[in-house]
Amino acid sequence: MSTVIVSRAPHSNNANNKRASPSPRSSASLSSSVKRKLSVSSGPSDPSGNRAVARKTIPGGASSAHESHSNSSTMKSNGTTNGDNTASPKLDGKFSSDTGIMSGINVDRGLVPQAIGCVHVKQLLSSPSQELALKSYRQAVRVALELRDRTTDISAFQVRRCRTCNELLTTTFMCLQCPSVGCKKSKHAEAHSRDVGHIFGIDSRSGNIYCFACKDYVYNYTLEKIRGEKEDLLEAKKLKKRHEMTSELSPDDKQLVEQNSKAPPCQAGLRGFQNMGSTCFMSVILQSLIHNPIIRNDFLSGSHDSKLCQRENCLGCRIDEIFTEFFTSPTTTGYGPALLLTTSWKPQRSLAGYSEQDAHEFLQFILDQLHATSDAKSSSDVDYCGCIVHRTFCGQLQSDIVCPNCRNVTVTIDPLMDLSLELRDRKSDASRILGLQQCLEKFTSPEKLETKYMCSFCSTRQEVTKQLTIKRLPLVLSIQLKRFEHALKSNKIDDHVPFPMQLDMTPYTTNSRSKKRYVYELFGVVCHQGKINTGHYTCSMKNREGLWFNFDDAMVTLSSEKQVLKSRAYLLFYIIKELS
């Protein structure tokens, strides 16, 4: 038996990632507890044509049902109700909870389905109580959506307040069967579900469904369709109201509005950083994160909320504060990242003070810190980590060592967070500087190791050949051009290294002969001016409208592709554009 999961959220276009990484806040997130067994009855399928629902009866007649959807409503297991059974047209928070809404529905909280999906919602919608449940859900969703768009009459928001602790600002759940409202923060909604037996809660901000038996937001096509219709109806009412307000203007007023009104330019996020004493290395890396669409969308979606995080010296909170400031404040003056600077000093003592640092090292540091402060880590193995850093930057590098005696190939796969490329062609002409594609060819070409290698297959020590290839490409490819050399004496390569706007990475992958093409597009360039020990960092970034801007600390100027391609790049940031 298979279950089809329908999601309204857009999917990632990861080129080579085998792992789906849904947002932890997605309304279509699935129940994570799918390992325990639940006996399946031969009962009818639900109205949307899904398979027969699972059913398990517990002593005392307590029962329920549940299916995969987002935050929703709670119901009493024995079919009785608490509180007022009528819906208030004035948003008083009392929804229909007709007696019998859960009659005949049996639930065991200790058991969940083997297959992905919420059988409790399925069972509810295939029971005689289906119409009562849908009626109550329609009324609850209407209340949630109307409250979401109200900007006046604060008293109307009392329906969203937790009945136990009066919590209003964070997530609260409205019970589907009774007028109870409980908060998520202090688990009062969960306590109500446990004590009374109502297993569905409706998110008072979105109308999505939460199942307390599965302990997750769940998705159901029928309920999601109702929520979508309510959203469309509410939007239509808002448009009609705006039209009526405009039609009431006199002809002179309409002409005045047309002549003096224009859409503001979309320049959100276009802002520089103040130099707080040799902090340009920090500014360029922060700009690369702000203009990285995947990182930007993750923080703006609230994946890390600095107001709710309780960690001390959390770098993720500092980054969240910067995103909030850049995308909500109308000011365009330079931002001083003082809190980020002092927070960085504590885990990384080498950053303390105001001396010049390496931008690439700071990038590695800040990504490590974002990974450490993420709540999405599911494993110590980075290949299975769900944090935004690894979902964005992590790929896989394959190393093949070939024994010339027995032709055995030893394969090693390591995580890849960025590529560091040599710029000189030392085999033919050490003074010759390579272009980016030539650097990648050199990086992935076979080379004979100087030291002999003990082959585990033929048990002989041989001069083996080693080749590196990219087994899995990341969504965002970060490349460091090794301009700083440390041999007999330190030296900086200050020559121009040609690089393209669009980069085809297919020839450098393990399966380079595959018909798939991996094309990346440039969105960020970091440059270093000056000598190896002293200098200054600037960067060029492409905004959401496809325009290039140059960032020199707090100074922001319009640039062009031609100017960007002439720059002497130190770090390059490419994002996946085409996967065919």
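Residues numbered from 1 in each chain as written. Predicted model: local features only at pLDDT ≥ 70, side-chain atom pairs only at ≥ 80, totals over all residues. Heavy atoms only, no water.

Novice: Whenever I open this one, the overall build of the protein confuses me. Can you help?
Specialist: Within the protein one finds 13 helices and 25 strands. Within the protein, contacts between residues at least 6 apart in sequence are counted, and of these 67% link residues at least 24 apart. When the accessible surface of the protein is split by element, carbon and sulfur atoms take 50% of a total near 29000 Å². (Helix = DSSP H or I, 4+ residues; strand = E, 2+ residues; numbered from the N terminus. Contact = heavy atoms within 4.5 Å. Areas by Shrake-Rupley, 256 points an atom, 1.4 Å probe, with all protein chains shown as cover.)

Novice: Sorry, what's going on with the nonpolar core here?
Specialist: Generally speaking, nonpolar side chains in soluble globular proteins are found buried as a group. Within the largest apolar cluster, 47 residues are counted, with the highest numbers of intra-cluster contacts made by Ile285, Leu286, Ile319, Ile322, Ile366, Val526 and Tyr537. It is helix H6 (residues 280-290) that provides the largest number of residues to this core, a total of eight residues. Beyond its immediate sequence surroundings of up to four residues, Ile319 is in contact with Leu286, Phe299, Leu340, Ile366 and Leu370. Core analysis: the next-biggest nonpolar cluster, separate from the first, contains 35 residues, Leu436, Leu477, Val497 and Ala569 among them. (Core = buried A, V, L, I, M, F, W, Y, C linked by side-chain atoms within 4.5 Å. Buried < 20%, exposed > 50% of the residue type's maximum accessible area, 1.4 Å probe, protein only.)

Novice: How should I be thinking about the sheet that holds strand S6 (residues 209-211) in this particular structure?
Specialist: Within a sheet, each strand pairs with its neighbour through backbone hydrogen bonds, oriented either parallel or antiparallel. With respect to topology, five strands assemble into an open sheet ordered S4-S3-S5-S6-S7, the strand pairing being antiparallel. Of all the strands in the sheet, just strand S4 (181-183) and strand S7 (216-218) have a single pairing partner and so form its edges. Between one strand and the next, the sheet's axes are offset by a mean angle of 40°, whatever the strand orientation. Relative to S6, strand S5 (residues 200-203) is paired through three bridges, and the arrangement is antiparallel. Counterpart to Phe200 in the pairing with S6 is Cys211. Across the face of the sheet, helix H3 (residues 188-196) comes into contact with strand S3 (172-175) and S4 while running at roughly 125° to S4. (Pairing = 2+ DSSP bridges. Axes fitted to C-alpha atoms, helices over the stretch in contact; angles between N-to-C directions.)

Novice: Before we go on, may I ask you to explain the sheet that holds strand S9 (residues 409-416) in this structure?
Specialist: The antiparallel open sheet is built from four strands, whose spatial order is S9-S8-S16-S13. Bordering the open sheet on either side are S9 and strand S13 (447-448), each of which pairs with just one other strand. Pairing between strand S8 (residues 395-402) and S9: eight bridges, direction antiparallel. The residue of S9 that forms the bridge with Asp400 is Val411.

Novice: For this particular structure, what's the right way to read the environment of Ala144?
Specialist: Inspection of the secondary structure assignment puts Ala144 in helix H2 (residues 130-149). In this structure Ala144 comes out as buried when scored by relative accessible area, which is 0%. C-alpha separation for the pair Ala144 and Gly207, spaced 63 residues apart in sequence, amounts to 5.5 Å. When sequence neighbours within four positions are dropped, the list of residues in contact with Ala144 reads Arg160, Met174, Asp203, Ser204, Arg205 and Gly207.

Novice: Can you walk me through H3 in this structure?
Specialist: If you check which residues of H3 are buried, you get Ala189, Ala191, His192 and Ser193. The inward-facing, buried residues of H3 abut S3 and S4. Backbone geometry just downstream of H3 places Gly197 in the positive-phi region, at approximately 100°.

Novice: For this particular structure, what's the right way to read the pattern of salt bridges?
Specialist: Proximity of charged atoms lets side chains of opposite charge pair with each other. Going through the model one piece at a time under the given rule, you end up with eleven salt bridges. Measuring nitrogen to oxygen at the nearest pair gives 3.1 Å for the salt bridge that ties Arg271 to Glu325. Of this pair, Arg271 sits in the loop between helix H5 (251-260) and H6 while Glu325 sits in helix H8 (residues 315-328); the two residues are 54 residues apart in sequence, bridging distant segments of the chain. For Arg271, a relative accessible area of 5% corresponds to the buried category. Since its relative accessible area comes to 26%, Glu325 is described here as partly exposed. (Salt bridge = Lys/Arg side-chain N within 4 Å of Asp/Glu carboxyl O.)

Novice: Looking at this structure, how should I read the state of the cysteines?
Specialist: Simply put, disulfide is the name for a covalent bond between the sulfur atoms of two cysteines. Under the criterion given, the structure shown has zero disulfides. Here Cys458 is not disulfide-linked; the sulfur of Cys455 is the nearest cysteine sulfur, at 3.7 Å. (Disulfide = S-S within 2.5 Å.)

Novice: Any chance you could explain a nonpolar patch on the surface here in plain terms?
Specialist: Taken together, the side chains of Val409, Val411 and Ile413 present a nonpolar region at the surface, about 220 Å² in accessible area. Relative to the elements of secondary structure, Ile413 occurs in strand S9. (Patch = residues over 30% accessible without salt bridge, like charges linked within 9 Å, V, L, I, M, F, W, Y side chains within 5 Å.)

Novice: What exactly am I supposed to notice about the side chain of Ser127 here?
Specialist: Relative to the assigned elements, Ser127 resides in the loop between helix H1 (119-125) and H2. Look at Ser127 and you get buried, because its relative accessible area is 9%.

Novice: It is not clear to me how the environment of Leu340 should be interpreted in this structure. Could you clarify?
Specialist: Following the sequence through the fold, Leu340 ends up in helix H9 (residues 338-345). When the C-alpha atoms of Leu340 and Cys314 are compared, they prove to be 9.2 Å apart, with 26 residues separating the residues in sequence. Residues contacting Leu340, with those up to four places away along its chain left out, are Met282, Leu286, Leu315, Arg318, Ile319 and Ile322.

Novice: What exactly am I supposed to notice about the packing of H6 against H8 here?
Specialist: When two helices pack together, you describe them by how their axes are tilted relative to each other and by the distance separating the axes. Remark: H6 packs on H8, axes separated minimally by 11 Å, with the N-to-C direction vectors making an angle of 70°. Between H6 and H8, the crossing angle belongs to the class labelled roughly perpendicular. The way H6 lies across H8 gives a crossing that is right-handed. When H6 is examined against H8, the residues Leu286, Leu289 and Ile290 are found in contact with a partner set consisting of Ile319, Ile322, Phe323, Phe326 and Phe327. (Parallel < 35°, antiparallel > 145°, perpendicular 65-115°, else oblique. Left-handed = near helix turned anticlockwise from the far one by under 90°.)

Novice: What am I meant to see in the pairing of S3 here?
Specialist: Each regular strand displays side chains that alternate between the two surfaces of the sheet. Residues Thr172 and Met174 line one face of S3 and the alternating positions Phe173 and Cys175 line the opposite face, and both faces are buried. Relative to S4, S3 is paired through three bridges, and the arrangement is antiparallel. Bridge pairing in S4 places Phe173 opposite Gly182. Taking the residues between adjacent antiparallel strands as the criterion, S3 and S4 are bridged by five residues. As defined by bridge partners, S3 adjoins S5 across three bridges and the pair is classed as antiparallel. Within S5, the residue paired with Met174 across the bridge is Ile202.

Novice: Quick question: what am I supposed to make of unusual backbone geometry here?
Specialist: Negative phi values dominate among residues other than glycine, just as trans dominates among peptide bonds. Despite not being glycine, Arg407 has its phi angle at roughly 65°, a positive value. Arg407 sits in the exposed class, given a relative accessible area of 58%. In the Ramachandran plot, Ser459 falls in the positive-phi region, its phi being about 60° despite a non-glycine side chain. The topology assignment puts Ser459 in the loop between strand S14 (453-454) and strand S15 (461-462). Judged by relative accessible area, Ser459 falls into the exposed class, the value being 55%.

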